[in-house]
Amino acid sequence: MISATQIQELIENDGYPAMFESYDREPPLYPQIAEIIDTSEAGAPLYGDKLTVMRGVDVFQELEDGNDPEDSTLGKAYTAQAKIRTFSRRIRIPRRILAANRLGEVKASLIEAANEWGELSRLQKDDFVAGMFQKGTLTAGSTQFYDNSYINNADPNAGFIYDGLPWFDTAHTIGGSSSTFANHVASGSALTEANLETHLETMTTTNAVDDRGNRIVVRPTHLIVPGGLNFTAQKILRSVQLPGSANNDINPLQGLLIPVKWAALTDSASSAAYWIIEAGKGLRCYDSGAPVLEQYRHMNGDVSIIATYNFGATVTDWRRHFCANKAAS
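The text that follows walks through the structure, step by step, so that each part is easy to find. (Residues numbered from 1 in each chain as written. Predicted model: local features only at pLDDT ≥ 70, side-chain atom pairs only at ≥ 80, totals over all residues. Heavy atoms only, no water.)

1. Examining the nonpolar core
Side chains of a nonpolar character, in soluble globular proteins, are inclined to be buried together.
Okay, step 1: In this structure, Met132, Phe133, Trp167, Ile224, Trp262 and Trp275 are the most contacted members of the largest nonpolar core, which totals 64 residues.
Okay, step 2: Ranked by the residues each element gives to this core, the list is headed by helix α4 (residues 103-135), at 10 residues.
Okay, step 3: When near neighbours in sequence (up to four residues on either side) are disregarded, Trp262 contacts Leu29, Ile33, Asp126, Val129, Ala130, Phe133, Ile224, Val225 and Pro226.
Okay, step 4: With 18 residues, the next largest nonpolar core counts Met203, Ala208, Leu237 and Ile276 among its residues. (Core = buried A, V, L, I, M, F, W, Y, C linked by side-chain atoms within 4.5 Å. Buried < 20%, exposed > 50% of the residue type's maximum accessible area, 1.4 Å probe, protein only. Helix = DSSP H or I, 4+ residues; strand = E, 2+ residues; numbered from the N terminus. Contact = heavy atoms within 4.5 Å.)

2. Things to note about the environment of Tyr23
Okay, step 1: Examined against the element boundaries, Tyr23 turns out to sit in helix α1 (residues 4-23).
Okay, step 2: Residue classification places Tyr23 among the buried residues on the basis of a relative accessible area of 6%.
Okay, step 3: Along the backbone, Tyr23 and Leu223 are 200 residues apart, and their C-alpha atoms lie at a distance of 25 Å.
Okay, step 4: Filtering out sequence-adjacent residues up to four positions away, Tyr23 remains in contact with Tyr30, Gly118, Glu119, Ser121, Arg122, Lys125, Asp287, Gly289, Ala290 and Pro291.
Okay, step 5: There is a polar contact of 2.8 Å between the side chain of Tyr23 and the side chain of Lys125. (Polar contact = N/O pair within 3.5 Å; in protein donor to acceptor, adjacent residues only side chain to side chain.)

3. A look at the pairing of strand β8 (residues 222-225)
Okay, step 1: Of the two faces of β8, the one carrying His222 and Ile224 and the one carrying Leu223 and Val225 are both buried.
Okay, step 2: Of the pairings in the sheet, the one linking β8 to strand β9 (residues 258-261) comprises four bridges and is parallel in character. The residue bridging Val225 from the neighbouring strand is Lys261, located in β9.
Okay, step 3: Across three bridges, the pairing between β8 and strand β10 (residues 274-277) is antiparallel. Each bridged residue has a counterpart across the sheet, and for His222 the counterpart in β10 is Ile277. (Pairing = 2+ DSSP bridges.)

The structure is reproduced here in structure tokens:
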């Protein structure tokens, strides 16, 4: 009979190496564009977190001799909430295989499963974040990607981001102002040099204010596109001269953004859409890393080898992202 100790040795010596190799084989996009937090650092580890979206401090005031500085208050604009989800799968080894001491067969099954679990877990995390991008324009919202309710903490904005609107919308507001701000153009904005310039100006000037209305710095870093727009994005951002021009004009967008084809963008409604983002800001992912492998013995003598990981994501600042040419319904 194969013992629990032997199975644990297989997990440590064969399962984990196979899984780590496949987990690291093809780096996904989400760690490159989001702020990554270990799940243990969440307010409710493995369950969820709440983040205060600050209004910002007051601007500096000139100080005359003999006067005290004016107080600056830290006001809370919104609360962003994150749900940390648990994902798990298992393989079950029948008791008769264990009783027959078929260690090689168990080892082969474990290596095969661990190899696939490593790759699948990485891809599924990437797919989840891509789903947020693709469903983030919907006026009706998406509870699949934006319901961040967790134990004893219902999400007050289920289906939407922290301000009660889709991630990409035309009616974002700031505290104390009736003005609205847009980080979404639903149609009529194909990926061209002129349209990209317009959207960059919106991000870096119009939308570059905090919730007090003070100017902030927004530095877009990436242009994210589905496969069908990859070559267009490459021409716009990597050509020395202006694409399509016969006047030898320089290309002002050359090297300004990193063009990225994201294979996880599979929604047919996103085939002509594109996203401009500032990497590392405005999007937070809670990630436990590669799956953890455990064994469990059933009452009938079967043994299950279980793979589990935890992952969640939430938007913390809509200003750092812009979506164009993607419908709102």
